[in-house]
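Chains, contacts and geometry: an overview
These are the residues of each chain, in order.
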Amino acid sequence: MNDTTDRRNEPANAQWGGRFAAGPSAIMQEINASIGFDRKLWRQDIKGSLAHAAMLAKIGLISAEDERAIGQGLEAIAQEIEAGSFPFEEALEDIHMNIESRLTDRIGEAGKRLHTARSRNDQVATDFRLWVRDAIDGITAQIVDVMRALAERAADHAADPMPGFTHLQTAQPVTFGHHLLAYVEMLDRDRGRLADCRRRLNQCPLGSAALAGTSFPIDRHMTAKALGFDAPTANSLDAVSDRDFALEFLSAAAISAMHLSRLAEEIVIWCSAPFRFIRLSDAFTTGSSIMPQKRNPDAAELARAKTGRITGALVALLTVMKGLPLAYAKDTQEDKEPVFDATEAWTLSLAAIAGMVRDMQPDTDRMRALAGSGFATATDLADWLVRVLKLPFRSAHHVTGRLVSLAEGKGVDLADLSLAEMQSVEPAITADVFSVLTVEASVASRRSYGGTAPENVAREAAKWLAVLA
């Protein structure tokens, strides 16, 4: 049948059949419609419909001829949507009704048979799970790319010292490679959370119908397998109303965005004139409309800011779901926009961070010069007092504190104190103490598992590059 199927005898709400005689008010139509955003689900909707039609044909609820017509019609619709010529209609509310209506226009009665043994409730739950699963796969690949970029830079700078901070105050020297690998660890946890989320969501709601299942002898295992799910969902009430998978996805997104924001913040700090640890090229910076000397790390700042959108999406959906009785309620139409928006912000942030990590040019001389500032080797001095002089650590801590105070009063670093000045505080100190007061000696000594010693960093970077290859 062609695109001009006669609808003159159909009721005002054709998709609902005879229950409604009049159309909705303009306000009702606007608040009820979701086609403006849920059209993103069109690929998943068509995929689910193809699997459903194949199952209906296998069990004899539709003919093989109808299945072929449905498949051809859906393929043509996919081509229309890809080409931008599909006639989306707000009056049809959502992507499911838009596609079904267009299918019926194209193939006639066979199109009307497709919705047998399913509801929009299980249909959207299935489509949304498929969309989130696809998003997880894409974002996981992006996370791996950022991890790889960080590990590559860490391998390059495994032995280059920089200041390590606590409270954003100089604490102890570390290597730049070690610092970058900390973010690899964070991102690996993000990757693990997504894998857990994917495993839990990979059950198929299709066939749960509106809430109670269906009286038709459908094969839910067949449709689940066809769509790449591990199994069908076990409870129809839970299946149509559950959005845990979306909440878990947004929770993983919020944590990951927080990690990206921390790195973005450091990039902003490292680019600033007082630090000058790194330089970003024009590809990831902007200028000022009034100050010609400025080079602003706007890509990092925007990646940092996207965290608010992503965290807000999680809070929004938690709030939508918190008071809903079983089973389905139209409230859950508000689930998709936060997920779509958060996914877009997350993918853009990951791309920006990967680009900046590969683009940044570290000033290793500047970092090395500042690595020993603020008496950063004080802990090395205390450790030497414990290791060589056998002082209790608390006594060594006290002696070191007095020596820091002495150096501070003289306006010099610990290594610039004379042996006599050190012995005025602790007579047993020998000239060997100076061997531990250099930045290079400090980082080299941190050989404990997970420590910043260059050999540790080089080994870890190589391990990650092998894992991520």
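Use the structure listed above.
So, how was this worked out
Residues numbered from 1 in each chain as written. Predicted model: local features only at pLDDT ≥ 70, side-chain atom pairs only at ≥ 80, totals over all residues. Heavy atoms only, no water. Helix = DSSP H or I, 4+ residues; strand = E, 2+ residues; numbered from the N terminus. Buried < 20%, exposed > 50% of the residue type's maximum accessible area, 1.4 Å probe, protein only. Contact = heavy atoms within 4.5 Å. Areas by Shrake-Rupley, 256 points an atom, 1.4 Å probe, with all protein chains shown as cover. Lys, Arg positive; Asp, Glu negative; His and termini not counted. Charge placed at Lys NZ, Arg CZ, Asp CG, Glu CD. Salt bridge = Lys/Arg side-chain N within 4 Å of Asp/Glu carboxyl O. Axes fitted to C-alpha atoms, helices over the stretch in contact; angles between N-to-C directions. Parallel < 35°, antiparallel > 145°, perpendicular 65-115°, else oblique. Left-handed = near helix turned anticlockwise from the far one by under 90°. Nonpolar A, V, L, I, M, F, W, Y, C, P; charged D, E, K, R; others polar. Core = buried A, V, L, I, M, F, W, Y, C linked by side-chain atoms within 4.5 Å. Pairing = 2+ DSSP bridges. Expected span 1.5 Å × (residues − 1). Polar contact = N/O pair within 3.5 Å; in protein donor to acceptor, adjacent residues only side chain to side chain. Patch = residues over 30% accessible without salt bridge, like charges linked within 9 Å, V, L, I, M, F, W, Y side chains within 5 Å.

Another aspect to go through is the overall build of the chain. Counting its regular elements, the chain contains 19 helices and six strands. Based on the C-alpha atoms only, the size of the chain along its principal axes is roughly 105 × 55 × 40 Å. Across the 469 residues in the chain, those meeting the buried criterion constitute 48%. Across the chain, contacts joining residues at least 24 apart in sequence account for 74% of those joining residues at least 6 apart. A total of about 21900 Å² of accessible surface is found on the chain, and carbon and sulfur atoms cover 54% of it. A distance of 2 Å separates the average location of the 51 positive side-chain charges in the chain from that of its 62 negative side-chain charges.

Moving on: the pattern of salt bridges. The full count for this structure, using the stated rule, is 28 salt bridges. The residue Asp66 makes a salt bridge to Arg113 at a minimum N-O spacing of 3.0 Å. Of this pair, Asp66 sits in helix α4 (residues 64-83) while Arg113 is found in helix α6 (residues 109-113), placing the two residues 47 residues apart along the sequence. Among the ionic pairs, Lys330 bridges to Glu93, the shortest N-O distance being 4.0 Å. In this pair, Lys330 sits in the loop between α12 (298-321) and α13 (336-359) while Glu93 sits in the loop between α4 and α5 (95-107), placing the two residues 237 residues apart along the sequence. Classification of Glu93 as buried rests on a relative accessible area of 12%. Through salt bridges with shared partners, one network takes in Glu93, Asp94, Arg120 and Lys330.

Structurally, Lys225 can be placed in helix α9 (residues 220-226). Placed 174 residues apart in sequence, Lys225 and Ala51 show a C-alpha to C-alpha distance of 9.2 Å.

All right, on to the packing of helix α3 (residues 42-58) against helix α7 (residues 120-156) then. Two numbers describe how α3 lies on α7: the axes approach to 9 Å, and their chain directions differ by 120°. When the axis of α3 is compared with that of α7, the two are oblique. Handedness of the α3/α7 crossing: right-handed. For the pair α3 and α7, the contacting residues are Gln44, Asp45, Lys47 and Ser49 in the first and Gln123, Asp127, Leu130, Trp131, Arg133 and Asp134 in the second. When the residues that make up the contact of α3 with α7 are grouped by side-chain class, the tally is two nonpolar, three polar and five charged.

This paragraph deals with the nonpolar core. Ranked by internal contacts, the top residues of the largest apolar core, which has 96 residues, are Val132, Leu150, Phe249, Val339, Trp346 and Ile353. Among the elements that make up this core, the one with the highest residue count is helix α11 (residues 244-271) (16 residues). The contacts of Val132, once residues within four sequence positions are left out, are Leu201, Phe245, Phe249 and Val339. Ala382, Trp384, Met422 and Leu437 belong to the second-largest nonpolar core, a separate cluster that totals 19 residues.

A few words on unusual backbone geometry. Cis rather than trans, the peptide bond between Leu326 and Ala327 has omega equal to 5°. Mapped onto the elements of the fold, Ala327 is located in the loop between α12 and α13. Positive phi is not limited to glycine here, since Ala209 has a value of about 60°. Along the chain, Ala209 falls in the loop between β3 (203-204) and α9. Judged by its relative accessible area of 8%, Ala209 falls in the buried class. The backbone of Lys390 shows a phi angle near 65°, a positive value even though the residue is not glycine.

Turning our attention to the packing of α11 against α12. One can describe the packing of α11 onto α12 by two numbers: an axis separation of 8 Å at closest approach and a directional angle of 160°. The angle between the axes of α11 and α12 places the two elements in the roughly antiparallel class. For the crossing formed where α11 meets α12, the hand is left-handed. Tallied by class, the residues present in the contact of α11 with α12 amount to 18 nonpolar, four polar and three charged.

On to the pairing of strand β2 (residues 169-175), then. Strand direction decides the pairing type here: strand β1 (residues 161-166) and β2, joined by six bridges, are antiparallel. Paired with Thr166 across the strands is Gln169, a residue of β2.

Take α4 next. Along its 20 residues, α4 runs 29 Å from first to last C-alpha, staying within 8% of the 28 Å computed at 1.5 Å per residue. In this structure, the buried side of α4 is in contact with α3, α5 and α6. Two residues or fewer past α4, Gly84 is found with a positive phi of approximately 80°.

As a further point, take α13. The terminal C-alpha atoms of α13, which comprises 24 residues, lie 34 Å apart, in line with the 34 Å expected from a rise of 1.5 Å per residue. Of all 24 residues in α13, 17 are buried; the element is thus mostly enclosed.

To continue, consider the environment of Asp219. In this structure, Asp219 sits in the loop between β3 and α9. When its relative accessible area of 25% is taken as the criterion, Asp219 is described as partly exposed. Among residues more than four places away in sequence, those in contact with Asp219 are Met55 and Lys58. Polar contacts involving the side chain of Asp219 include one to the main-chain amide nitrogen of His221, which spans 3.2 Å.

The grouping of Leu211, Leu237 and Leu326 at the surface amounts to a nonpolar patch, some 270 Å² of accessible area in total. As for its placement among the helices and strands, Leu326 is situated in the loop between α12 and α13.

With respect to the secondary-structure elements, Arg118 resides in the loop between α6 and α7. Within the buried set, Arg118 has no salt-bridge partner at all; the shortest N-O distance to an opposite charge, 4.7 Å, is to Glu100. Of the polar contacts made by the side chain of Arg118, one reaches the side chain of His115; its length is 3.1 Å. Excluding its chain neighbours within four sequence positions, the residues that come into contact with Arg118 are Ser49, His52, Gln123, Leu206 and Ala209.

So, to be careful, I would describe these as geometric facts and stop short of saying anything about function.
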